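For reference, the chains in residue letters:
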There are 2 protein chains.
Amino acid sequence: MEIKKQIADKYLKTYMVEKDPGSAALIAFPTSTDEVVAFIKDANARKQPTITIGSQTGLTSATYPINNAWLLSLEKMNKIISLDEQTLTLTVQAGVTLFQIRDYLANTPYFYAPDPGNKNASVGGNASTNAGGMRAIKYGVTRDNIRGYDVVLANGDLIHVGSLNKKDATAYDLKDLFIGAEGTLGVITELQLKLTPRPAFEKSVILGFNSLDGVSDAIFEVVKSPVQPVALELLEESGIHYSEQFIQKKMPEVHGEAFLLATVADNAADGLAFQLEAIQALGKKAGAIEARELSEDEASEMWAIRDNILNGIVSRGDWKMYDPVVPNHLFTDLVKEAKRLGDKYHVQTGFFGHAGDGNIHICILRSDQDDETWEQIKHDYENDLFPYVAKQGGLLSAEHGIGLEKKAYLPYFKDDAYMAVLKSIKQAMDPNNILNPGKMFN
Amino acid sequence: MEIKKQIADKYLKTYMVEKDPGSAALIAFPTSTDEVVAFIKDANARKQPTITIGSQTGLTSATYPINNAWLLSLEKMNKIISLDEQTLTLTVQAGVTLFQIRDYLANTPYFYAPDPGNKNASVGGNASTNAGGMRAIKYGVTRDNIRGYDVVLANGDLIHVGSLNKKDATAYDLKDLFIGAEGTLGVITELQLKLTPRPAFEKSVILGFNSLDGVSDAIFEVVKSPVQPVALELLEESGIHYSEQFIQKKMPEVHGEAFLLATVADNAADGLAFQLEAIQALGKKAGAIEARELSEDEASEMWAIRDNILNGIVSRGDWKMYDPVVPNHLFTDLVKEAKRLGDKYHVQTGFFGHAGDGNIHICILRSDQDDETWEQIKHDYENDLFPYVAKQGGLLSAEHGIGLEKKAYLPYFKDDAYMAVLKSIKQAMDPNNILNPGKMFN
């Protein structure tokens with residue numbers, strides 16, 4: 001196994017988040033689960049903090065090197081092992097990226113449903129953050145699309161968790177414990193992913209509203225109806241503005257100030273038609289001033305606007321992004337509150353996200369503030385935003401996780417008794433506290 | 001809170017499983033979560049084994065009184081608290097039964113999707129066993145239909161787990177840990193259930209095959225197709241025979257020796273038609289000698305046959321039921337092996353179950369064996385069956401759980417390293433071992 005003490009910067013910071021690289025004692029590049037087992041056994045014997053890293057595309061500094069840790073990079077564990085059509089399972093090493101999976105499945109009738117924004121992300125990283133994405137409204141999040149995996153425990157034991165079976169009442173559910181644990185309970189080395197048959201037909205619809213209020217009603221109507229869109233995304237003026245500037249193209253013309261972009265899919269043309277009509281009717285019932293199907297060209301233009309909102313925001317300078325989630329019907333209230341807080345602290349805001357899931361990405365943008373002021377603004381904004389989200393019954397993170405960035409805010413959402421359970425599980429499973437210590441909670 | 005030392009037999013044994021009632025020191029009937037908290041705090045201070053019981057409909061003796069335990073019956077926590085149409089959530093106390101939920105929702109456009117056989121079961125019990133049922137193929141198991149709940153920990157702390165949000169990357173997933181834990185990690189007192197909008201159209205199809213082999217191919221074709229039946233059930237000769245005798249009615253005439261009974265649902269009539277046609281075509285491709293839609297009358301007759309297989313078996317005398325699961329394509333192999341083992345040990349067998357999930361219920365029936373022989377046969381049958389299931393990548397229990405009945409067989413499925421994790425979690429969360437000790441594992 002290759003081990004280096006000279007560590008390239010790309011391994012020492014996560015994509016887009018930290019300014020400066022962290023520091024680590026060494027980096028190892030295993031190519032097999034056996035090598036991971038040996039490495040973790042050694043680390044545990046020495047009580048050596050160890051951080052598993054994938055593509056470093058996380059957004060919470062969950063894999064940022066601290067504690068002079070050993071880094072365990074899974075980037076060379078990048079093999080797609082097998083496609084099993086009998087159980088619709090794709091077995092991959094944890095370092096495989098979403099791009100690799102997409103390309104591999106391109107000529108099959110199946111796809112891997114989770115759709116997080118960054119396709120350079122490794123699937124092991126996706127599992128460790130329980131990544132979400134746009135298709136979660138229909139197909140669920142990463143958790144729902146993993147059948148099983150091999151995971152190396154803190155003591156170096158290797159266990160297989162989950163199975164290819166569709167039902168499981170055989171002892172505690174460990175499968176869902178390591179997923180979303182941000183590498184603090186074990187190292188996932190190989191995964192069995194659930195594949196989904198591709199629907200035969202797919203089409204997009206746009207709904208235009210005079211204000212965010214109508215958007216909220218429309219989301220509610222759609223979500224409680226039997227229509228199940230594949231995606232239901234919010235587009236509002238600030239986000240559209242940043243995206244248009246970035247791609248130097250105008251959004252297709254639709255009346256309104258706030259929009260819902262929906263994609264529906266079906267296996268029968270008539271079933272698709274039913275869903276398309278239903279979504280337009282539900283939108284109009286909720287006050288949409290325009291509701292129509294998009295042509296293929298328009299749909300690809302509209303999705304380009306959606307997909308480039310973050311690029312547009314990032315290209316303007318310093319920014320910070322949050323990913324709270326609230327129950328569906330409180331979604332637009334959250335957007336309005338986040339805007340109001342932006343005004344309060346004199347920062348511009350940009351929004352995009354998953355209206356159908358109640359999950360909005362809130363970005364605040366630095367203008368001409370000095371470093372100290374910008375730090376203070378972020379601190380104050382967060383200490384206004386997160387208690388509001390908690391009061392609404394929402395959560396600190398929908399899909400990016402906690403890492404270092406949000407751990408100070410976890411107590412707004414989880415009380416002492418709850419935190420005690422988390423800590424007792426961590427203590428039981430990693431008594432020497434070697435696996436990504438200091439992330440998520442202390 | 002009512003507490004009794006004279007305990008009626010119905011609390012001292014589970015439905016249909018044990019011959020003799022167990023014994024317990026007392027039984028308590030709380031009506032609120034606060035009363036449960038006080039009771040568990042007291043039990044923990046005394047290191048007193050405590051068993052939470054619901055409707056006693058379990059099939060694994062998971063709630064059978066041992067250790068001279070205190071019994072905590074939740075039958076008086078039987079209130080439906082609220083229906084929230086904004087989030088499609090039904091909040092109920094844990095003692096509420098599936099019958100209560102069905103009746104409560106009858107005049108709404110929503111339903112609670114899980115469909116375990118015994119509708120007298122309490123939803124708290126369903127959560128604690130992660131109960132499955134016929135609609136799991138489309139809507140998932142109990143786990144997938146619970147948004148959150150209140151749970152009293154072994155130390156008496158009350159925490160709320162889960163939320164009404166659709167995405168969650170906010171620290172470890174505790175929600176799925178208590179579900180299926182058979183009351184060994186906490187006492188679930190109040191639940192927030194996910195409701196599903198009722199589809200507009202529903203119809204059943206029957207596929208008849210010359211043998212079980214065709215059935216297997218048809219399951220495979222359907223499962224990997226984009227059609228998503230609500231139910232896909234196996235009917236084979238022995239099960240049909242017992243059911244027909246019990247209800248004194250013949251099954252509607254269909255050519256074949258083995259059958260798949262499928263229900264499909266859709267919101268558009270054309271979408272339904274597409275699914276109906278597709279299932280028939282896939283069945284024929286796999287060798288069905290008859291494939292047709294059922295009229296409403298025929299469907300209800302056919303489902304009556306399906307629903308009375310277990311009644312038919314039970315009415316004949318002593319029996320034992322197993323609920324293994326294997327990956328879909330190995331389903332009929334499992335049925336054949338279970339039949340072969342029946343022949344080997346000279347017992348009759350009866351089968352019913354969830355072909356679409358790979359989950360079969362295998363019943364063996366006692367004929368004229370004496371007690372000792374019957375015990376030996378069960379022991380031998382199990383020690384042949386379960387290693388076979390394990391070798392196929394299957395699981396010991398799909399939906400009934402482990403309890404006392406199956407705990408001896410868990411090591412066929414989970415190795416020492418895996419069991420060590422289960423035990424370390426139990427030890428961390430219940431250090432005095434008061435919650436249902438001795439069930440699932442020692």
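Residues numbered from 1 in each chain as written. Chains lettered and ligands numbered in written order. Predicted model: local features only at pLDDT ≥ 70, side-chain atom pairs only at ≥ 80, totals over all residues. Heavy atoms only, no water.

Chain A has the name FAD-binding oxidoreductase in an unreviewed UniProt entry, where Aerococcus viridans is given as its organism. In UniProt, chain A has this text filed under Cofactor (unreviewed entry): "FAD". (UniProt positions renumbered as here; feature names shortened; annotations may be inferred.)

**Some thoughts on the interface of chain B and chain A**
Many structure descriptions define interface size as the accessible area lost when the parts assemble. At the junction of the two partners, chain B supplies 81 residues and chain A supplies 81 residues. Taking both partners together, chain B and chain A bury about 6,300 Å²; carbon and sulfur atoms supply 63% of that area. A per-residue breakdown of the area chain B buries against chain A is headed by B:Lys167, B:Thr170 and B:Tyr172, which together make up 15% of the total. Put simply, chain B and chain A have 6 salt bridges between them. Among the salt bridges present, the one from B:Asp357 reaches A:Lys167, with a minimum N-O distance of 3.0 Å. At the level of secondary structure, the elements contributing two or more residues to the side of chain B that touches chain A comprise strand E9 (158-162), helix H6 (175-178), helix H7 (212-224), helix H9 (269-285) and helix H14 (416-429) of chain B. Sorting elements by how many residues they give to the side of chain B that touches chain A places H14(B) first, with 9 residues. Split by residue class, the side of chain B that touches chain A holds 39 nonpolar, 25 polar and 17 charged. (Contact = heavy atoms within 4.5 Å. Buried area = accessible area lost by both parts, 1.4 Å probe. Salt bridge = Lys/Arg side-chain N within 4 Å of Asp/Glu carboxyl O. Helix = DSSP H or I, 4+ residues; strand = E, 2+ residues; numbered from the N terminus. Nonpolar A, V, L, I, M, F, W, Y, C, P; charged D, E, K, R; others polar.)

**Things to note about the domain arrangement of chain A**
Residue and element names in this part refer to chain A. As assigned here, chain A comprises domain 1 (2-73), domain 2 (80-197) and domain 3 (200-315). Placing the centre of domain 2 and that of domain 3 at their C-alpha centroids yields a distance of 29 Å. On the domain 3 side, the residues contacting the 5 residues of domain 2 number 9 residues. Both faces considered, domain 2 and domain 3 share a buried interface measuring about 650 Å² in area, 63% of it formed by carbon and sulfur atoms. Ranking the residues of domain 2 by area buried against domain 3 places Met-134, Ile-137 and Lys-138 at the top, with a combined share of 88%. Inspection of the domain 2/domain 3 interface yields 0 salt bridges. Along the contact surface separating domain 2 from domain 3 lie 0 residue pairs in polar contact (both at pLDDT 80 or more). (Domains from an automatic or database assignment. Polar contact = N/O pair within 3.5 Å; in protein donor to acceptor, adjacent residues only side chain to side chain.)

**Structural notes on the environment of A:Tyr418**
With respect to the helices, strands and loops of the structure, A:Tyr418 is situated in helix H14 (residues 416-429). The class of A:Tyr418 is buried, set by a relative accessible area of 4%. Those residues in contact with A:Tyr418 that lie beyond four places of it in its chain are B:Ile159, B:His160, B:Val161, B:Tyr172 and B:Leu174. (Buried < 20%, exposed > 50% of the residue type's maximum accessible area, 1.4 Å probe, protein only.)

**What to know about the relation of the copies chain B and chain A**
Least-squares fitting of chain B to chain A yields an RMSD of 0.0 Å, with the transformation described by 0.0 Å of translation along the axis and a rotation of 180 degrees. Each copy turns onto its partner about a two-fold axis. Of the C-alpha atoms belonging to chain B, the one lying closest to the rotation axis is found on B:Gly271, 2.3 Å away. In this assembly, 100% of the residues forming the interface of chain B have copies in chain A that are likewise at the interface, indicating an isologous arrangement. (Least-squares fit on C-alpha atoms with pLDDT ≥ 70 in both.)

**Examining the pairing of strand E5 (residues 80-84) of chain A**
Each regular strand displays side chains that alternate between the two surfaces of the sheet. Residues and elements named next belong to chain A. Inspection of the sheet shows E5 paired to strand E6 (residues 89-93) by 4 bridges, in the antiparallel sense. Each residue of the ladder has a partner; that of Asp-84, found in E6, is Thr-89. The turn joining E5 and E6, which pair antiparallel and follow one another in sequence, is formed by 4 residues; a positive phi near 50 degrees is taken by Leu-88. (Pairing = 2+ DSSP bridges.)

**Concerning the sheet that holds strand E12 (residues 201-209) of chain A**
All names here are of chain A. Taken together, the 7 strands give an open sheet; going across it, the order is E15-E12-E14-E13-E17-E18-E16, and neighbouring strands pair in antiparallel fashion. This sheet does not close on itself; its edge strands, each paired only once, are strand E15 (290-293) and strand E16 (319-322). Each neighbouring strand pair of the sheet contributes to a mean axis angle of 15 degrees, computed without reference to strand direction. Pairing analysis gives 9 bridges linking E12 to strand E14 (residues 258-266), with the strands arranged antiparallel. In the sheet register, Ile-206 faces E14, and the bridge partner there is Leu-261. Strands in contact with helix H7 (residues 212-224) are E12, strand E13 (231-236) and E14; relative to E14, the strand with the most contacts, it is inclined by about 20 degrees. Along the sheet, helix H8 (residues 237-247) makes contact with E13, E14, strand E17 (348-354) and strand E18 (359-365), crossing E17 at roughly 95 degrees. (Axes fitted to C-alpha atoms, helices over the stretch in contact; angles between N-to-C directions.)

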